[in-house]
Amino acid sequence: MATAASSIAAGPSGHFLLGNLPEVSRDHLGFLLKWATQYGDHVELHFGRRRIIVLNNPRDVEEVLVTQQRNFRKGYFYRILDPLLGNGLLTSESDFWLRQRRLAQPAFHRERINTYAQTMVTYTHELLGHWSDGTLRDIHQDMMRLTLRVVGKTLFDTDFELAAPEVGEALPTALHELSIQMTGPEFLLPAVIPTPSRYRLRRAVGRLDPLVFRIIAERRASGDDRGDLLSALLRVQDEDGSRMTDRQLRDEAMTIVLAGHETTALALSWTWDLLSKHPQAEEQLVAELETVLNGRPPAQADVARLPFAEAVLLETMRLYPPIFGIGRESIAACDLNGFRLPEHTNVYMLPYVIQRDPRFFDEPERFRPERWLDGLAKRLPRFAYFPFGGGPRLCMGQQFAMLESVLILSTIAQAWRLRPTSDQPLEVSPALTLRPKGGIRMQISRRH
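Residues numbered from 1 in each chain as written. Predicted model: local features only at pLDDT ≥ 70, side-chain atom pairs only at ≥ 80, totals over all residues. Heavy atoms only, no water.

Novice: What's the story with the overall build of the chain in this structure? I'm lost.
Specialist: Secondary structure assignment for the chain yields 19 helices and 12 strands. Rg of the C-alpha trace for the chain: 22 Å, near the compact-globule value of 22 Å for 448 residues, within the 12% margin. Seen through its principal axes, the chain has C-alpha atoms that stretch 65 × 55 × 45 Å. By residue count, 56% of the 448 residues in the chain fall in the buried class. Long-range pairs, those at least 24 residues apart, make up 75% of the contacts in the chain between residues at least 6 apart in sequence. Taken as a whole, the chain presents about 19800 Å² of accessible surface, with 52% of it coming from carbon and sulfur. When the 54 positive and 54 negative side-chain charges of the chain are each reduced to one mean point, those points stand 2 Å apart. (Helix = DSSP H or I, 4+ residues; strand = E, 2+ residues; numbered from the N terminus. Rg over C-alpha atoms; globule rule 2.2 N^0.38 Å. Buried < 20%, exposed > 50% of the residue type's maximum accessible area, 1.4 Å probe, protein only. Contact = heavy atoms within 4.5 Å. Areas by Shrake-Rupley, 256 points an atom, 1.4 Å probe, with all protein chains shown as cover. Lys, Arg positive; Asp, Glu negative; His and termini not counted. Charge placed at Lys NZ, Arg CZ, Asp CG, Glu CD.)

Novice: I keep staring at the sheet that holds strand β2 (residues 50-55) and nothing clicks. Help me out?
Specialist: Hydrogen bonds between backbone atoms are what pair the strands of a sheet, whose relative direction is either parallel or antiparallel. In spatial order, the strands read β1-β2-β8-β5-β3; together these 5 strands make up an open sheet with mixed pairing. Every interior strand has two partners, whereas the edge strands, β1 (42-47) and β3 (72-73), have only one. Two strands pair when backbone bridges link them, and strand β5 (residues 326-330) and strand β8 (residues 346-349) are joined in this way by 4 bridges, in the antiparallel orientation. Its bridge partner being in β8, Ile 326 is matched across the sheet by Met 349. Taken strand by strand, helix α2 (residues 28-39) contacts β1, β2 and β8, and its axis lies near 140 degrees from that of β1. Strands β1, β2, β3, β5 and β8 of the sheet are contacted by helix α3 (residues 58-67), whose axis makes an angle of about 120 degrees with β8. (Pairing = 2+ DSSP bridges. Axes fitted to C-alpha atoms, helices over the stretch in contact; angles between N-to-C directions.)

Novice: Would you mind going over unusual backbone geometry with me for this structure?
Specialist: Excluding glycine, a negative phi dihedral is what most residues carry, and trans is how most peptide bonds are arranged. For Asp 157, which is not a glycine, the phi torsion comes out positive at approximately 55 degrees. Structurally, Asp 157 is set in the loop between α9 (139-156) and α10 (160-163). Look at Asp 157 and you get partly exposed, because its relative accessible area is 23%.

Novice: Mind showing me how you'd approach helix α6 (residues 94-104) here?
Specialist: In an α-helix, one full turn covers 3.6 residues, which means residues spaced three or four apart are oriented alike. All of the buried residues in α6 are Trp 97, Arg 99, Gln 100, Arg 101, Leu 103 and Ala 104. For α6, the elements touching its buried residues are α13 (229-235) and α14 (246-277).

Novice: Before we go on, may I ask you to explain the packing of aromatic side chains in this structure?
Specialist: Aromatic rings in a pair are described by how distant their centres are and how their planes are angled relative to each other. Per the counting criterion, the structure on display carries 8 aromatic pairs. When the ring of Trp 270 is compared with that of Tyr 320, the centres are 4.2 Å apart and the planes differ by 5 degrees; the resulting orientation is stacked. In this pair, Trp 270 sits in helix α14 while Tyr 320 sits in the loop between α16 (307-319) and β5, placing the two residues 50 residues apart along the sequence. Given a relative accessible area of 1%, Trp 270 falls into the buried group. The interplanar angle of 55 degrees and the centroid separation of 4.6 Å between the aromatic rings of Trp 372 and Tyr 385 together place this pair among those described as tilted. With a gap of 13 residues between them, Trp 372 in the loop between α17 (351-354) and α18 (376-379) and Tyr 385 in the loop between α18 and α19 (398-413) connect regions that are remote in the sequence. Positioned above the aromatic ring of Tyr 123 is the side chain of Arg 149, whose terminal nitrogen or guanidinium carbon lies 3.9 Å from the ring centre. (Phe/Tyr/Trp six-rings, centres within 6.5 Å; stacked < 30°, edge-to-face > 60°. Lys NZ or Arg CZ within 6 Å of the ring centre and 35° of its normal.)

Novice: Explanation requested: the sheet that holds strand β4 (residues 136-138) in the structure shown.
Specialist: If you walk across this open sheet you meet the 3 strands as β4-β12-β9, and the pairing is antiparallel. The strands lining the two open edges of the sheet, one partner per strand, are β4 and β9 (416-420). Each strand of the sheet is rotated relative to its neighbour by a mean of 40 degrees, with strand direction disregarded. Pairing geometry for β4 and strand β12 (residues 441-446), over 3 bridges, is antiparallel. Of the residues in β12, the one forming a bridge with Arg 137 is Met 442.

Novice: Teacher, can you tell me more about the confidence of the model for the chain here?
Specialist: Any residue range with low pLDDT should be treated as having predicted coordinates unsuitable for detailed reading. The share of residues in the chain with pLDDT of 70 or more is 98%, and the mean pLDDT across the chain is 90. Of all the helices and strands in the chain, helix α4 (residues 76-79) carries the lowest mean pLDDT, 75, while α16 carries the highest, 98. (pLDDT = per-residue confidence, 0-100.)

Novice: How do you make sense of the pattern of salt bridges when you look at a structure like this?
Specialist: For side chains bearing opposite charge, pairing can occur when the charged atoms are close. In the structure shown here, the tally under the stated rule is 36 salt bridges. The partner of Glu 427 in a salt bridge is Lys 437, with the nearest N and O atoms 3.6 Å apart. Taken together, the residues Glu 427 in the loop between β9 and β10 (428-430) and Lys 437 in the loop between β11 (434-436) and β12 connect sequence positions 10 residues apart. Residue Glu 427 is classed as partly exposed on the basis of its relative accessible area of 48%. A relative accessible area of 52% means that Lys 437 is categorised as exposed. Several salt bridges share partner residues, and in doing so they unite Glu 126, Arg 145, Arg 149, Asp 159 and Glu 161 into one network. (Salt bridge = Lys/Arg side-chain N within 4 Å of Asp/Glu carboxyl O.)

Novice: Sorry, what's going on with empty space enclosed by the protein here?
Specialist: One simple way to see leftover space: roll a probe sized like a water molecule over the atoms. The tally for this structure, following the rule as stated, stands at 4 cavities of 30 Å³ or more. Lining the second largest cavity, in full, are Phe 156, Phe 160, Val 167, Leu 171, Leu 208, Leu 211, Val 212, Ile 215, Met 254 and Val 257. Looking at the lining of the second largest cavity, the elements with two or more residues in it are α11 (165-183), α12 (196-222) and α14. Top element by residues in the lining of the second largest cavity is α12. It accounts for 4 residues. A breakdown of the residues in the lining of the second largest cavity according to their chemical character gives 10 nonpolar, no polar and no charged. (1 Å grid on protein atoms, 1.4 Å probe; cavity = no way out; pocket = protein on both sides within 12 Å on 5 of 7 lines; lining within 4 Å. Points joined across faces, edges and corners; volume = space filled by probe spheres on them. Nonpolar A, V, L, I, M, F, W, Y, C, P; charged D, E, K, R; others polar.)

Spelled out as structure tokens, the structure:
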């Protein structure tokens, strides 16, 4: 006889008014890891009056993101992003999202993405031209600057650093304000209530929008196909002959800038930190680069011949997934492998927690890139590793991100050695993404 599904989840008690928000604000990741160990696969939290169920089992994640994905919407977590991302692919829902996904898909075709490899390598060499042997650098800021230039060129055929420096100023401000709103008391306030952070966010977006709309208008007027992503988005049309409006193009452009800029920069930033603390892995990486590249710059065709470089990045994103949490809200009540989830319940799924689960990874807290070289990805349960999400909403930029990351890692690592300036572990700042608090100060030195 089948047993009835249970809708009771254990969880920590919280503040009578704020719920578990104070604890999460103090140590977001630490408490979530602790609670997963203490309470198991379903952990009930409360942020104010908002009930949240944290799912710590890949089977339940698969139910939400794949099997029953039509019964889940993005929900409250993503509405916070609306001022910056609008109704783009990351935030839109239902039929509108499906149409936008269908229209945007050709822009991310493998052949088009591969043409960007030279830009990625060229811009990396231009960054290295500013490096001096024995000096200190904030490597996180360097990676942010580099990936912003790459996404500006590949999306808009524009060098943001030279032609639009306001992007490099306004975008970090917007991301900072969104982080404040996702981790502080403003998380509990209705969106219509004005706050200083929301005002600063609107002001930053107000600096970005005129630039994006101007580029779109100029490209529409010229009709030029410059080989960038915007050209592809402008050319595609739906089955009824309709194309994206300027507003839709703006929202997708902002989404691509965010997804293709900060997340890649973070993956690379954490990679440099981990390699500097694991010299054996660094030596193995450098040996691979010397064998395959023999001192020349990497190219798109080399990526498939650099399995350890890819493994280094996969392992970094296991420990420090740039998007460390994914939220959804149930539309109707449903069953998740024997757990009854009520309607209109927010669920939270964390790659950061599941990817450190000893049920799926040996020595889960250790940085061991070699674990990915013997087919581990095929043996893992689906969604035991999901730094790019999954299901129909799997990140379309995954191939772009991996190509860029391998090329930048290879270009820098074959010529430069990076070392931390302190033995103190970096402090992680989780909000919209998983950032190193205060940056990553490192000493750089030439290898040869």
